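The residues making up each chain are set out below.
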Amino acid sequence: MYLRKLHRRSRALAGRWLTGVHAYTDTLAQRRPLWMVSLAIDETNLSEGLRAACASSAMLLLGLLFDHPDFSWAAIGAFWTCLADAAGTRRMRFVSMVGFGLLSTVAGHGVATAAIAVLLFSWAGALARIWGAATAQVAILAATACVVMVTHPLASMTQTAPFLGLYMFGCLFATVLSFTVWRIHPFGPSRRAIRAAYSRLAGIARDNARFLAHDAAQADVAAHGASYRSQARAALEAARVALAAVPPARAGRSALYDNLLLALSDAERIFAYLIAVTHTCEREQQRLRQDPRARRSLEVMAVLLRRLGQAVQRQPETPPLELQRRLAGCGRRLEAALGALLPLRLNVDFMELGLPRAAQLPWREAAFLALGQAWQTAKVNATPQSLSWRHAARVSLATTAGFLLVEALHIPFGYWATMATLLILQPSVSTTWPRGIERVAGSVLGAVLAVLIGLVIYTPLGISLVVFPLIVATMALRRVSYSLHVLFMTPAFVLVADYAAPASEMVYAMSRLGNNVLGCVLALLATFFLWPDREADDLDQRLAKAVSANLKYLLAVLAAGGKWDSAIARLRREAGLASNNAEQVLQRLRIERRLDRSSGVGLAALRTLPLLRRVAGSTARISLSPQAEPAPPALQQWIAGVSGEIDALLRGAADASGPGPCIADSLTPLQADAVAQVQLLRGLLREHVQAQAEQTPGKLTQIAE
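None of the values given here were measured: they were computed from a predicted structure.

What describes two packed helices is the angle between their axes and the distance between those same axes. Their axes nearest at 10 Å, the elements helix H23 (residues 539-560) and helix H26 (residues 633-650) cross at an angle of 180 degrees. Between H23 and H26, the angle is such that the two are roughly antiparallel. Each of Leu 543, Ala 544, Val 547, Leu 551, Leu 554, Leu 555, Leu 558 and Ala 559 in H23 lies in contact with H26, whose residues at this interface are Leu 635, Gln 636, Ile 639, Ala 640, Ser 643, Ile 646 and Leu 650. Residues of the contact of H23 with H26, tallied by class, amount to 13 nonpolar, 2 polar and no charged.

This is the structure in structure tokens:
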């Protein structure tokens, strides 16, 4: 009963805590705009942190009650089991948590040689990416448990059985707690995903307000705005996937599901609205900087959007009509301040998810179907040419080498180095390097925090109580920032180790820090020297798809005028995803320092992608304007002709021909603005292709072929 009350109170506490954190980060964002890009505070899950902390701390208190230090391993098992909880249906969550408990227990027993166990489990954990995020999460945690378990000295079965029994007890306790006292609502993941989407939309509004308040460089503003829009698009896609994963038995007879679907539909329309607002703010910055009404309206809109997301998560069964009414009024004030016809309409229609709905089959049929699909996926990837197969080989060899190294050198707590190697290694250089930096930074700060706590806390009871808030922070912030996750996990594990075998916290903390640095070095060496897989240099293809998708979106909107329908919404989504994909490849090439070797396309993308964002903004203004009219056939033909010309230019045809300049005399201001953006795009790409043809004659012909 007490845990149930704690669960309910944690939800209310999480809401108040997030409100305070958002207010604080808003203040920081005004001083440092990149803060809100690097931290996803809206993804904090305090309830998840409290559940893991209750499970782990309960095991420590039992160990204190029975004077049995090995209950610290039950606490670790409970913590890992909560980490292995895959969001989704109850069946998926149960399989992931119980499956992890069984796999990790086998990892600690029944393996002839520790090195072979580390090799096999790390290989399987890395290869599990091919079966999806949930499977990979369980498999990599099982591999982590293997790395830790094989270093625990057990002389005989009389020691092994009680030790593994305690560890399994912790895993089962966390599972039972998750499905009885601390249950997760079937719509919980989708509600959190929609709240995150609204928070990302609020970030766009805040970014526009800061843009109007400060005179920033145009290039920096374009890049920063693109980051916010990219994150919002990703959050909306995650919400779509979460809603599509709701079983039909729940969705078909639930008004709550309809409310969530309508909230997501509104979020899509608000996203298009904010894109149009961003475009207007960029074009009218000098005038709007003198008028504080637009900035104040955007700041209020950001607050209302964040509250809308919180309302959808807390009370999805009740439509937030009052907040929507206030948001619409704020939109009218912003429309007047901008001097542009941009009406904000909500509760218009339901959106189409465009994703296959999850089918709730009987468990036997579902198991056989899942096994069959997993076998087919494994056969496709069972080849040295597979990137996933090579990544699994790289991870297994590097992790095993790290394990043998620390064993040969007798490094205290060497399993932390092996764990770091396992967890840092990613499929490409561009993702491994930032991951390593984040882990080392988090470990350094976490080690300092562990030492400071160790100077004050000595007793097992004190350790049990202090571990509670540390685990809460570790779990609650794991989706916010990997550095923060490691920062709080480091002192938590140091104190649990001290609980099992009291010693100097300084020794524990410094050992963990040094081992994490060693693991990071091993991971980077493996990334660069063991089948180095860099991001595919397909920027030219991604750029061509982005340009084509945005011009298709523009052509459809010009043909329909201000009409909004599902076809236009689908084209807008495809254009946004294509631009995001091209920007992600460009960013990875920059991290890997290969931008100057990307056939010159990278330099064109640096200038083209911000311009594509402006094309999308101009298109969004047309689609939302009530005065928009269908474009004349001549303009539609001109856009289609230019689209074909640009496609030929991106394929390397420097002599591609296209229509002449568009006559803008008979065009509306909105249509003329869109034509101007397309002409800029056309001229930029033609200039780039011609320059490339002069520098490397014959190379573009090979690319085209």
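So that's the structure; there's more coming.
We now examine the pattern of salt bridges. Note on pairing: side chains with opposite charge can pair once their charged atoms come close. A complete count under the given rule lists 14 salt bridges for this structure. Residues Glu 237 and Arg 233 are paired through a salt bridge, measuring 3.1 Å at the closest nitrogen-oxygen approach. Of the two residues, Glu 237 and Arg 233 both sit in helix H10 (residues 218-244), 4 residues apart, roughly one turn of that helix. The burial state of Glu 237 is the same as that of Arg 233; both residues are buried. One salt bridge connects Asp 673 with Arg 283, and the closest N-O pair in it is separated by 2.8 Å. A residue pair is termed long-range when its members are at least 10 positions apart, and Asp 673 in helix H27 (residues 669-695) and Arg 283 in helix H12 (residues 255-283) qualify at 390 residues. Since its relative accessible area comes to 8%, Asp 673 is described here as buried. Note on Arg 283: relative accessible area 46%, which makes it partly exposed. Each member of the salt-bridge network shares a partner with another, and the members are Arg 233, Glu 237, Arg 240, Glu 268, Arg 572 and Arg 573.

What follows concerns unusual backbone geometry. For Asp 67, which is not glycine, the phi torsion reads 55 degrees and is therefore positive. Counting through the fold element by element, Asp 67 comes out in the loop between helix H3 (46-66) and helix H4 (71-83). Its relative accessible area of 67% is what places Asp 67 among the exposed residues. One non-glycine residue, His 410, adopts positive backbone phi at about 55 degrees. By secondary structure assignment, the location of His 410 is in the loop between helix H17 (387-409) and helix H18 (415-424).

Conventions we followed
Residues numbered from 1 in each chain as written. Predicted model: local features only at pLDDT ≥ 70, side-chain atom pairs only at ≥ 80, totals over all residues. Heavy atoms only, no water. Axes fitted to C-alpha atoms, helices over the stretch in contact; angles between N-to-C directions. Helix = DSSP H or I, 4+ residues; strand = E, 2+ residues; numbered from the N terminus. Parallel < 35°, antiparallel > 145°, perpendicular 65-115°, else oblique. Contact = heavy atoms within 4.5 Å. Nonpolar A, V, L, I, M, F, W, Y, C, P; charged D, E, K, R; others polar. Salt bridge = Lys/Arg side-chain N within 4 Å of Asp/Glu carboxyl O. Buried < 20%, exposed > 50% of the residue type's maximum accessible area, 1.4 Å probe, protein only.

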